[in-house]
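In case you want the letters, here they are:
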Amino acid sequence: MPEFDQKAATVFAGRVVRKDLVRKVKVGANVPVYVLEYLLGKYCATDDPVAVEAGLKVVNTTLAENFVRPDEANKAQSFVREKGAHTLIDKVKVRYLSEDDKYWAEFINFGHKYVHIPDRYIREFDRLLMGGIWAQVKIRHEYDEEVRGKRSPFWIDEIKPIQLASFDIEEYRQGRRQLKTDEWIDLLIRSIGMEPSKFDRRLKMLLLIRLIPLCEQNYNLVELGPRGTGKSYAYQELSPYVILLTGPTTVANLFYNMATGKIGLVGLWDAIAFDEVADLQKMPKEVVTTLKTYCESGTFARGKDALSGTASMALFGNTNQPVEVMVKSSHLFAPMPDVIREDMAFLDRIHFYLPGWEVPKMRIEFFTSHYGFVVDYLAEALRELRRHNFSEAIDRYYSLGSHLNARDVKAVRKTVSGLIKLLYPDGEIQKEELAELVDLAIEGRRRVKEQLKKMGSFEYHQTSFSYIDTETREERYVGVPEEGGRDLISTDPLAPGSVYTASVDDQGKVGLYRLEVGCSAGVGKLKIAGGADSLMRESIQRAFAYIQGHKVEMGIAQTLDSTDFHVEAIDLLANHISCDAGIGLVVAIHSALKKNSVLPGLLILGDLSIQGNIKAVRSLVEPLQVSMENGARRALIPIENKRHFLDVSADIMERVDPIFYSDPLTAAMKALGLN
């Protein structure tokens, strides 16, 4: 037996199991993985091949002889009646009925809700009252002489849990203290069936972040990535306390059913995962609205009541494009369904965006054959840790930077708390170890914020996330690996006829476009290709009409009349915000006709009326901020906006040089560097 397997089996005796045996055992019975692992941990916790083989036979025989299939419930009840007594494997729940002043056991597959149970088992196995446990039960058939209340012929003589019946958090913490951090991480990775030697440190951490919703209350996780990377595995196989939704649901099912007065899934489960986030598109709008409120505060209103839940949310979805394409052409929430893709208020409630494209597709060699926790034991540990809170742990050594607002701080704190529960369940963590967790937490939240900024909303422009060492006052900035390629505005000269232009709408959202004008021999006609909406088309047509009316004084009459112009607008932020591109078109046509490129890194702002009067932009702050972050070094600005320059931050003034103009021809000359 390898040294680490020996150590794990010694420290957590009876709590670990060889993961290859779980895959090896083919059981016809529909028994949960955690029950199967519990049996394997009991009978096959050895390295001796002969003993393992014997143990496997015991497991298979036990299941074959004692497991009751749901469709054979009547047959099983008859068998117990005829035989007098029998041993069953089934899930047993217990409930207290006040009218009988008695505890009754319910057998799920055996199909009987009223089975007599001795009170001592309820005191010994408290989980019987909390959803029930799988157990090996000796049951007998005997006439019930009870005069009053319910009568039942079935009596429990003995219960042997084959699932963890009680959990000691101190034993779990004590075991953690005997392992190094690297060893503990490897044990957790093996517990979910993966082989840690195949992954680097970062990938191991990303796999563990998938487990945060299981141990942190009201945590909101999103993972978008390629198919076949095991996104939803933990929610299907790892814990009996989480549910994986594989289709549309309703408000009544998810939150509260007013007809029956029963709370929905958020009150029954520790975590709820949407296996395919696209299913939200098929759900009533009310589901998304209520979910938005719930993800913020853990509360929701139904009828006259304000209710709450502690269930965490995990949204999983598939990407159809490489991340490089998404980063350059749109944003990383593009695979989301329409109903939430552009809902920035909803997306802002996400605590961590896990980069699923960094997780490889699952291959046979990635599965482990070493020891890992029995998943039921790990599930109990994670559930118990939900009661604890380490969100203040950051304050021991660090403070968060000024760009993190209240939601950002909450998200980072919850992620750090979840990671501490997973890796340092006793809360004892060193400064350098905490820095690693803070780095990850800030990165995951910044990924959310960067996409909101790319959508063009100025309120999310502060994304320079950092944390400060409270002892040395050193500030460390945290980026996102895929951030490269954000320079949408090239600092190299563009081809003649191409310009960058932007405008801001009444909600402060910025539209950033590259306008490309191509020329061909013709008679002075304008043809607009795709990419421009109706408002932008009007702006372009208005500007072209002005050019035709003033072509002589502009000195381009001869070439204009013998040329057709093909205009295409490329939405660089892919946020579908319209753009007033009048001055941009004037400059682009001059550039195309004179075969001169505009100044490198130049952004053009402003529009014009049919008579050539310059229309100022609503505000300078938002378009200049967005363009600066995307590589702009100069900005062509209407003179009417000069007074707005006082609102622009010093940071933008330092990096973006303003070039003011008062009429369209001056704008064109200055843009081409001819004035």
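What you see is a predicted model; the values in this text were computed from it and never measured.

K.L.:
Tell me about the packing of helix α24 (residues 582-594) against helix α27 (residues 664-671), and please be specific about residues and values.
P.N.:
The interhelical angle for the contact between α24 and α27, taken along N-to-C directions, is 55 degrees, at an axis separation of 9 Å. Here α24 lies oblique to α27, going by the angle between them. Here the hand of the crossing between α24 and α27 comes out right-handed. Across the interface between the two elements, I583, V586, V587, H590 and K594 of α24 pack against P664, L665, A667, A668, M669 and A671 of α27. Class assignment for the residues of the contact of α24 with α27 results in nine nonpolar, one polar and one charged.

K.L.:
Residue-level account of the sheet that holds strand β19 (residues 475-477), with values.
P.N.:
One open sheet accounts for three strands, arranged β17-β18-β19; its pairing is antiparallel. Each of the sheet's edge strands pairs with one partner strand only, and the pair in question is β17 (398-400) and β19. On average, adjacent strands in this sheet sit at an angle of 25 degrees to one another, irrespective of strand direction. Across three bridges, β17 lies against strand β18 (residues 466-469) in antiparallel orientation. Directly across from Y398, in β18, lies its bridge partner D469. Each of β17, β18 and β19 is contacted by helix α20 (residues 431-454), which is oriented at about 160 degrees to β18, the strand it contacts most.

K.L.:
For the layout of surface pockets, give the residues involved together with the corresponding values.
P.N.:
Roughly 470 Å³ of internal volume is contained in the largest pocket. Around the largest pocket, the lining comprises 25 residues; the ones closest to its centre are I192, G193, Y233, E237 and F367. Where the lining of the largest pocket is concerned, the elements lending two or more residues are α2 (19-24), α3 (33-43) and α11 (233-238). Size it by volume and the second largest pocket reaches roughly 370 Å³. M130, G131, P240, Y241 and L268 are, among the 14 residues lining the second largest pocket, the residues nearest its centre. When its residues are assigned to classes, the lining of the second largest pocket shows seven nonpolar, three polar and four charged.

K.L.:
Now, about the packing of helix α19 (residues 406-423) against α20: what can you tell me, with residues and values included?
P.N.:
Running from N to C, α19 and α20 cross one another at 135 degrees; their axes reach a closest spacing of 9 Å. Relative to α20, the element α19 lies oblique. When the axes of α19 and α20 are compared, the crossing they make is right-handed. Residues R407, D408, A411, V412, T415, V416, L419, I420 and L423 of α19 form the contact with α20, whose own contacting residues are L434, L437, V438, L440, A441, I442, R445 and K449.

K.L.:
I'd love a proper account of the nonpolar core, names of residues and values included.
P.N.:
Counting 93 residues, the largest nonpolar core has L40, Y172, I209, Y235, F373, I420 and L423 as the members making the most contacts within it. For this core, the element with the most residues is α20, which contributes seven residues. By size, the runner-up hydrophobic cluster in this structure holds 43 residues, among which are Y256, L291, I340 and M344.

K.L.:
How would you explain the sheet that holds strand β22 (residues 526-528) if you had to name every residue and give the values?
P.N.:
The seven strands lie next to each other as β22-β23-β21-β20-β24-β27-β28, forming an open sheet whose pairing is mixed. Each edge of the sheet is formed by a strand with only one pairing partner; in this case those strands are β22 and β28 (657-661). The average undirected angle you get between the axes of adjacent strands in this sheet is 30 degrees. Bridge count for strand β20 (residues 498-504) against strand β24 (residues 602-605) is three bridges, and the pairing is parallel.

K.L.:
Which residues make up the pairing of strand β3 (residues 102-107), and what are the values?
P.N.:
In the sheet, strand β2 (residues 85-97) pairs with β3 via six bridges, with the strands oriented antiparallel. Bridging across to β3, R95 finds its partner in W104. Hairpin connection, β2 to β3: the antiparallel pair is bridged by four residues, and D101 has positive phi, about 50 degrees. Relative to strand β4 (residues 112-116), β3 is paired through three bridges, and the arrangement is antiparallel. Within the sheet, the bridge partner assigned to F107 lies in β4 and is H112. Counted between consecutive antiparallel strands, the loop separating β3 from β4 contains four residues, among which G111 sits at a positive phi close to 80 degrees.

K.L.:
Help me get a handle on helix α14 (residues 285-297), residues and values and all.
P.N.:
Compared with the 18 Å implied by 1.5 Å per residue over 13 residues, the 19 Å span of α14 between its first and last C-alpha is a close match. Along α14, the positions that sit buried rather than exposed are V287, V288, T290, L291, Y294 and C295. Down the axis of α14, the smallest arc covering the buried residues is 165 degrees, so these residues share one side.

K.L.:
Describe the packing of aromatic side chains, naming the residues involved and giving the relevant values.
P.N.:
As enumerated under the stated definition, the model contains 27 aromatic pairs in all. Ring geometry for F645 and F660: centres 5.8 Å apart, planes at 70 degrees, overall edge-to-face. Within this pair, whereas F645 is found in the loop between β27 (634-638) and α26 (650-655), its partner F660 is found in strand β28, the two being separated by 15 residues in sequence. Of the two residues, F645 and F660, both sit in the buried class. The ring of W104 has K102 sitting right over it, with the charged end atom 5.0 Å from the ring centre. Just above the ring of F660 sits the side chain of K642; from NZ or CZ to the centre is 5.2 Å.

Rules used in this analysis
- Residues numbered from 1 in each chain as written.
- Predicted model: local features only at pLDDT ≥ 70, side-chain atom pairs only at ≥ 80, totals over all residues.
- Heavy atoms only, no water.
- Axes fitted to C-alpha atoms, helices over the stretch in contact; angles between N-to-C directions.
- Helix = DSSP H or I, 4+ residues; strand = E, 2+ residues; numbered from the N terminus.
- Parallel < 35°, antiparallel > 145°, perpendicular 65-115°, else oblique.
- Left-handed = near helix turned anticlockwise from the far one by under 90°.
- Contact = heavy atoms within 4.5 Å.
- Nonpolar A, V, L, I, M, F, W, Y, C, P; charged D, E, K, R; others polar.
- Pairing = 2+ DSSP bridges.
- 1 Å grid on protein atoms, 1.4 Å probe; cavity = no way out; pocket = protein on both sides within 12 Å on 5 of 7 lines; lining within 4 Å.
- Points joined across faces, edges and corners; volume = space filled by probe spheres on them.
- Core = buried A, V, L, I, M, F, W, Y, C linked by side-chain atoms within 4.5 Å.
- Buried < 20%, exposed > 50% of the residue type's maximum accessible area, 1.4 Å probe, protein only.
- Expected span 1.5 Å × (residues − 1).
- Arc of directions from axis to C-beta.
- Phe/Tyr/Trp six-rings, centres within 6.5 Å; stacked < 30°, edge-to-face > 60°.
- Lys NZ or Arg CZ within 6 Å of the ring centre and 35° of its normal.

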